[in-house]
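Here is how the chains run, residue by residue.
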Amino acid sequence: MTVVIKRRIYPYITLTTYLLHFLASSSVSLATEEGSKYKLVQTARLLGLNLIEPLPAQFNTTYHGDVTDNRNVIYSYTATDTKTRAVRIFTTANESEKDYPTIVVIRQARSVMSWQIPLLMQDSSLLYEYESVSRTLCPVDTNHTEQKINVEISTQSKKNVSYTLKAILQDNFMIETDKHEVTSSPSNPVFAKYTFPEGVQSVLVRATSADTICAVLSIQNTKCPVFDLDTDVKYQGKYQTMTTQGAITIEKSDYKSGSFFVVLVVKPNDYDCTDGINQMPPAGVSTTRQKNVTINISKTISSSQYYRATLIAAAFFAAFYVVALLIGIFYHGCKENWGIIDLTTFETSMNQEELKEPVADSSAIRGSRTQDDTRQPIIENRGGMGGGAQGYGSISNPASNPASRSATDQSNARAEDQESINSEDFDMVKDADQDKNIFRTKTALFVVDLARKNEKRADKTYKLYYKNLFIIAVFYGLPVIQLVMTYQTVLNFTGDQDICYYNFACAHPLGRVSSFNNIYSNIGYILLGILFLILVARRELLHRKAVERSEGRHKKFGIPQHFGLFYAMGFALCMEGIMSACYHVCPTVSNFQFDTSFMYIIACLCILKIYQNRHPDISAKAHFSYTVMAIVIIIAVIGVVYGTNIFWILFAIVYLGASLVLSVHLYYMGRWQIDRYICNRLWLMIISDWLKCSRPVYGSRLILLILGNAVNWGIGLYAGITAPSDFASLLLTVFIVNLALYMGFYVFMKMWAREKIPKLTILFILLAAVTWGFALYFFVAHLTTWQLSPAGSREGNKECILFQFYDKHDVWHFLSAISLFFSFLILLTLDDEIILTRRDKIPVF
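Along each chain, residue indices are assigned from 1 in the same order as the chain's sequence is written. Selection of residues for local features in this predicted model requires a pLDDT of at least 70, selection of side-chain atom pairs for listing and counting requires 80 or more, and totals for whole chains, interfaces and linings are taken over all residues. Side-chain numbers come from the whole structure's heavy atoms, not from hydrogens or water.

Asks: What exactly am I supposed to notice about the overall build of the protein chain here?
Replies: Runs of E in the DSSP output that reach at least two residues are strands. Runs of H or I that reach at least four are helices, and both are numbered from the N terminus. When helices and strands are counted, the protein chain shows 20 helices and 20 strands. Within the protein chain, the fraction of its 845 residues that count as buried is 49%. Residue contacts follow a heavy-atom distance rule, with two residues in contact if any of their heavy atoms lie within 4.5 Å. Long-range contacts, defined as pairs at least 24 residues apart, comprise 78% of the intrachain contacts of the protein chain with a sequence gap of at least 6. Summed over all atoms, the accessible surface of the protein chain reaches about 42300 Å², with 60% contributed by carbon and sulfur. Between buried and exposed lies partly exposed: a residue is buried under 20% and exposed over 50% of the maximum accessible area for its type, with that area taken using a 1.4 Å probe on protein chains only. Under the convention used here, a 1.4 Å probe and the Shrake-Rupley method define accessible areas, while residue burial counts only the protein chains that appear.

Asks: I would appreciate a short explanation of the state of the cysteines in the present structure.
Replies: One way to say it: the disulfide is the covalent bond shared by the sulfur atoms of two cysteines. When the sulfur atoms of two cysteines come within 2.5 Å, that pair is taken as a disulfide. What the rule picks out here adds up to 4 disulfides. The disulfide that involves C138 links it to C224, with 1.7 Å between the sulfurs. In this structure the cystine formed by C138 and C224 twists about its S-S bond by roughly -80°; its chirality is therefore left-handed. Here C224 lies in the loop between strand 15 (215-221) and strand 16 (238-242) and C138 lies in the loop between strand 9 (132-136) and strand 10 (146-155), a separation of 86 residues in the sequence. The partly exposed category is assigned to C224, whose relative accessible area is 33%. With cysteine numbering restricted to those in disulfides and following the sequence, the protein chain has the pairing 1-3, 2-4, 5-7, 6-8. A disulfide-free cysteine, C604 has its sulfur positioned 9.4 Å from the sulfur of C606, the nearest such atom. Given a relative accessible area of 16%, C604 falls into the buried group.

Asks: For this particular structure, what's the right way to read empty space enclosed by the protein?
Replies: Rolled over the atoms, a probe with the dimensions of a water molecule shows which regions are left empty. As defined here, a cavity is a set of points on a 1 Å grid over the protein atoms alone where a 1.4 Å probe fits but cannot get out. A pocket is an open set with protein on both sides within 12 Å along at least five of seven lines, and residues line them when an atom is within 4 Å of a point. Grid points are joined across faces, edges and corners, and a volume is the space filled by probe spheres set on the points. Within this structure, the stated rule accounts for 6 cavities of 30 Å³ or more. For the second largest cavity, the calculated volume is near 140 Å³. Contributions of two or more residues to the lining of the second largest cavity are made by helix 12 (592-614) and helix 20 (808-829). Looking at the lining of the second largest cavity element by element, the count peaks at 3 residues for helix 20. When residues are sorted by character, Ala, Val, Leu, Ile, Met, Phe, Trp, Tyr, Cys and Pro go into the nonpolar class, Asp, Glu, Lys and Arg into the charged class, and all the rest, Gly among them, into the polar class. In terms of residue class, the lining of the second largest cavity is built from 7 nonpolar, 4 polar and 4 charged.

Asks: Help me understand a nonpolar patch on the surface in this model?
Replies: Together, F470, I471, V474, F475, L478, I481 and I578 line one region of the surface with nonpolar side chains, adding up to about 670 Å² of accessible area. Looking at the nonpolar patch element by element, the count peaks at 6 residues for helix 8 (residues 455-494). Mapped onto the elements of the fold, I578 is located in helix 11 (residues 564-585). Classification of I578 by relative accessible area gives partly exposed; the value is 32%. Within this analysis, patches are made of residues with over 30% relative accessible area and no salt bridge. Like charges are joined at 9 Å or less; nonpolar side chains (Val, Leu, Ile, Met, Phe, Trp, Tyr) at 5 Å or less. We count a salt bridge whenever a side-chain nitrogen from Lys or Arg sits within 4 Å of a carboxyl oxygen from Asp or Glu.

Asks: Mind showing me how you'd approach the nonpolar core here?
Replies: Among buried residues, the Ala, Val, Leu, Ile, Met, Phe, Trp, Tyr and Cys ones that are joined through side-chain atoms within 4.5 Å form a nonpolar core. Y465, L469, L528, F532, Y600, L605 and F651 are the most contacted members of the largest nonpolar core, which totals 116 residues. Filtering out sequence-adjacent residues up to four positions away, F532 remains in contact with F566, M569, G570, F821, F824, L825 and L828. With 31 residues, the next largest nonpolar core counts Y77, I89, M121 and Y163 among its residues.

Asks: Looking at this model, I keep getting lost on the packing of helix 11 against helix 12. Mind explaining?
Replies: Relative orientation and spacing of two packed helices are given, respectively, by the angle between their axes and the distance between those axes. Where helices are involved, their axes are fitted lines through C-alpha atoms of the stretch in contact, as for all axes, and angles between N-to-C directions lie from 0 to 180°. In the contact formed by helix 11 and helix 12, the axes pass within 8 Å of each other and the chain directions differ by 165°. It follows that helix 11 is roughly antiparallel to helix 12 by the angle criterion. Here the hand of the crossing between helix 11 and helix 12 comes out left-handed. Only F592, F594, D595, F598, M599, I601, I602, L605, C606, L608, K609 and Q612 of helix 12 make contact with helix 11, whose side of the interface consists of L565, F566, A568, M569, A572, L573, M575, E576, M579, S580, Y583 and H584. By the definition adopted for this analysis, an angle is roughly parallel if under 35 degrees, roughly antiparallel if over 145, roughly perpendicular if from 65 to 115, and oblique otherwise. With the far helix as reference, a near helix turned anticlockwise by less than a right angle produces a left-handed crossing, and one turned clockwise produces a right-handed crossing.

Asks: Sorry, what's going on with the pattern of salt bridges here?
Replies: Pairing between side chains of opposite charge can happen when their charged atoms approach one another. Using the criterion set out here, one finds 23 salt bridges in the structure. The partner of D69 in a salt bridge is K158, and the shortest N-O contact between them spans 3.0 Å. In this pair, D69 sits in the loop between strand 2 (62-67) and strand 3 (73-80) while K158 sits in the loop between strand 10 and strand 11 (161-170), placing the two residues 89 residues apart along the sequence. Residue class for K158 comes out exposed when judged on its relative accessible area of 71%. Two residues, D832 and R539, come together in a salt bridge whose shortest N-O distance is 3.0 Å. Of the two residues, D832 sits in the segment after helix 20 while R539 sits in helix 10 (residues 523-550), which places them 293 residues apart along the sequence. The two residues D832 and R539 agree in class, both being buried. Salt bridges linked by common partners bring D459, K463, E540 and R544 together as one network.

Asks: Hey, could you run me through the packing of aromatic side chains in this one?
Replies: In this description, an aromatic ring pair is defined by two values, namely the gap between the centres and the angle between the planes. A pair of Phe, Tyr and Trp rings is counted when the ring centres sit within 6.5 Å of each other, with Trp represented by its six-membered ring. The angle between the planes then sorts it: under 30 degrees is stacked, over 60 is edge-to-face, the rest tilted. Under the definition given, this model contains 46 aromatic pairs. Here the aromatic rings of F227 and Y235 are separated by 5.9 Å at their centres, their planes lie at 70°, and the arrangement is edge-to-face. Given a relative accessible area of 61%, Y235 falls into the exposed group. Where F470 meets F571, the ring centres are 5.8 Å apart and the plane angle is 50°; that geometry is what we call tilted. Taken as a pair, F470 in helix 8 and F571 in helix 11 lie far apart in primary sequence, 101 residues in all.

Asks: Help me understand the pairing of strand 16 in this model?
Replies: On any regular strand, side chains alternate: one points to one face of the sheet, the next to the other face. With 4 of 5 residues buried, strand 16 lies mostly within the body of the structure. Here strand 15 pairs with strand 16 via 5 bridges, running antiparallel. If you follow V216 over to strand 16, its bridge partner there is T241. Two strands qualify as a pair provided DSSP detects at least 2 bridges between them.

Asks: Any chance you could explain the side chain of S580 here in plain terms?
Replies: Note on placement: S580 falls in helix 11. At 2.6 Å, the side chain of S580 and the side chain of N522 are in polar contact. Pairs of N or O atoms within 3.5 Å make up the polar contacts considered here, provided that, within protein, one atom can donate a hydrogen while the other can accept it, and that residues adjacent in sequence are counted only when both atoms are side-chain atoms. A distance of 3.1 Å separates polar atoms of two side chains, one belonging to S580 and the other to D595.

Asks: Before we go on, may I ask you to explain the packing of helix 12 against helix 20 in this structure?
Replies: Running from N to C, helix 12 and helix 20 cross one another at 15°; their axes reach a closest spacing of 11 Å. When the axis of helix 12 is compared with that of helix 20, the two are roughly parallel. By crossing handedness, the relation of helix 12 to helix 20 is classed as left-handed. Contacts between helix 12 and helix 20 involve I602, C606 and I610 from the first element and L820, F824 and L827 from the second. Residues of the contact of helix 12 with helix 20, tallied by class, amount to 6 nonpolar, no polar and no charged.

Asks: Would you take a moment to explain the pairing of strand 6 (residues 112-117) for this structure?
Replies: The side-chain alternation of strand 6 yields one buried face, formed by M113, W115 and I117, and one unburied face, formed by V112, S114 and Q116. Note: strand 5 (residues 102-107) against strand 6, 6 bridges, orientation antiparallel. Considered in strand 6, the bridge of I103 is made with Q116. Hairpin connection of strand 5 to strand 6: 4 residues between the antiparallel strands.

Asks: Is there a simple way to think about the sheet that holds strand 10 in this case?
Replies: The 5 strands lie next to each other as 1-3-10-5-6, forming an open sheet whose pairing is mixed. Pairing within the sheet leaves two strands with one partner each, and these edge strands are strand 1 (55-56) and strand 6. Sheet topology note: the strand 3/strand 10 ladder contains 8 bridges and is antiparallel. Each residue of the ladder has a partner; that of T80, found in strand 10, is E146.

Asks: Hey, could you run me through the environment of T92 in this one?
Replies: One can find T92 in strand 4 (residues 86-92). With 28 residues separating them along the chain, T92 and H64 place their C-alpha atoms 9.6 Å apart. If near-sequence neighbours (up to four positions away) are discounted, T92 is found in contact with I117, E131, S132, S162, Y163 and T164.

None of the figures reported here should be taken as evidence of function without further support.
Laid out in structure tokens, this is it:
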């Protein structure tokens, strides 16, 4: 133990002895201060130490010199009035080598800063060297009027390295004006200080530039050190990449000192702002990459403006409830008459005597059968009101109609004449009226041919749509909510504003949420979805009352009323609002499917509802429909994540093939099988329907399918050839275009069949057309886009346009919710005028 201690202290004893011996033997007088300093320096150099006398220096003066491995230099500055000013140091060493760089060390009272020349920056595997470096010193001691600053320059190079040094006091260090101009480069970062004025709780820091050079905008607390280099700027505070503009909302509660630093760091290349596209400049020395930026800090809206904007939006959609109530009272009548159908007139007609079968016009009855497979005689009221006042869609009483009585007498007489004929001698071909392969392939189909199943059983089947959708929404929605809140937590913890694609120029935070306005603007989907559910429930209640008093005769008239799909549509609209709100908690490319999934479902449900109106027996079941929708969503995810050229080619082939197969299936009402004989049947169909017939067997269906295939094949070929970058939007376009095409075809065929369209429905059509037009205008505003880098997306950020709270995308939310609501009402009321028309007179198209 003693030996170890001796070995450790022996060098220090020797060093002290040598120093004393040198001083004693020196011929230079130690009486004077100058001689003593000289002797100490010389002695320290002989001992391997470099004791340097600081040189007094002045601000705004450029100093030149050179250093070697045994000669360093120190400059001493005295800064005054640093409460509102900051010291900035400029250094240059053109002859410095990368292996033996020049080191600049700056010492303050409570802080040390250093850098080397050349300054090395590595970004995206490229190395950049900078021979000129300037930094702003952190104002660590603002309580004193005077600060001492020492700047030491040294190197380990054996040869002389020339340098230049300059220090200035920045008078514009404090941001006090509306526009604060700064110039920055990769080796010359800048930062400035902002103090919250009295009474201001939140501000928007916005940086704009005329060029597209990539930079980082950072907001940091007023603590030292300040992280202002590309290698460490992400270590503290909030930050985001920017090209032409960037914006960050700052809350005073997050900064106890009531102030913060705005830091601007220019990247050595544009890789982080363009995702690898147009990387400039190349690796090597760069001295011309400068960015001029204007920093503007403005006060955000007050709490009262928050309340005003949110309450006005809620009140606007609440007004729809009031309008719906007024329409129900004044348009449809009060109490029991309050409904789409005049219940008093309908119930009066339903309580009349049993109808008798006419024989005068056998073509008026086309094999109408009910669930018990018995013939249901129907007499259509073609004349006027008769003796009594018949209401809307009333059913005539044969007993009060002389024409019908005479027709009945003739029928009885003919029946008596034919009693002598033995019916066993003839084949009545009853199976033709029961075999669906026969009656579904008739050239002239009517609703009665496709409404033969038990209505209660069919109604239960269709109610599975909203029951299954509720289960899907729970299992789909809860993980989504958890995921997006995790995204938000990560953003708040790391400060990385590039994680989420907000419109930062109009992003109003609330609590932990960064952009509350984009979330709250989805309230329209939820409120209008609930209102639609209420209207559907009311209509179903009125329908049940009518059914109870009709004694079964309702089965002969109108479109079969099934409300399961309507409930599913209303619930899907509510879920679209919830999922869209989840997406806007943190919009990214990876969770964009949350915003579009229920859009796909809504479009599919609307198409199914239009088809179900006149094809109730052959509409797709709920489990099959949702399976197809799940496959669509899976394809959407694959297209967004792996949207390569191979994927687009495969998608186009599958899409075109699916369109063709579905067209054949719809043309033959599901009586088409896909097996090994499909080619033979296809050839026979071409011969029978095209070559040997002057006109197709199912003309209206063929027209729809030709139009649909033309549109879908065009979309498929466009996708396969151009491979657009936004697959999710393309897929949504497919559904919207097909829905619009089918709805337009349905309305056109109604008018072709001379079916009357309700006035209220016409109003809804006009309102939907207007709101959809304005909604699409705001939708294409493209305030953000995750197809670009975060910095590229911010180039499209725009300020708020409504109540200083909502941006254009929020207005899209409002208008699209209204448009969908009107579109749903169109489907809900479109066939009201034929509710008392005989089903064997309602054509299928």
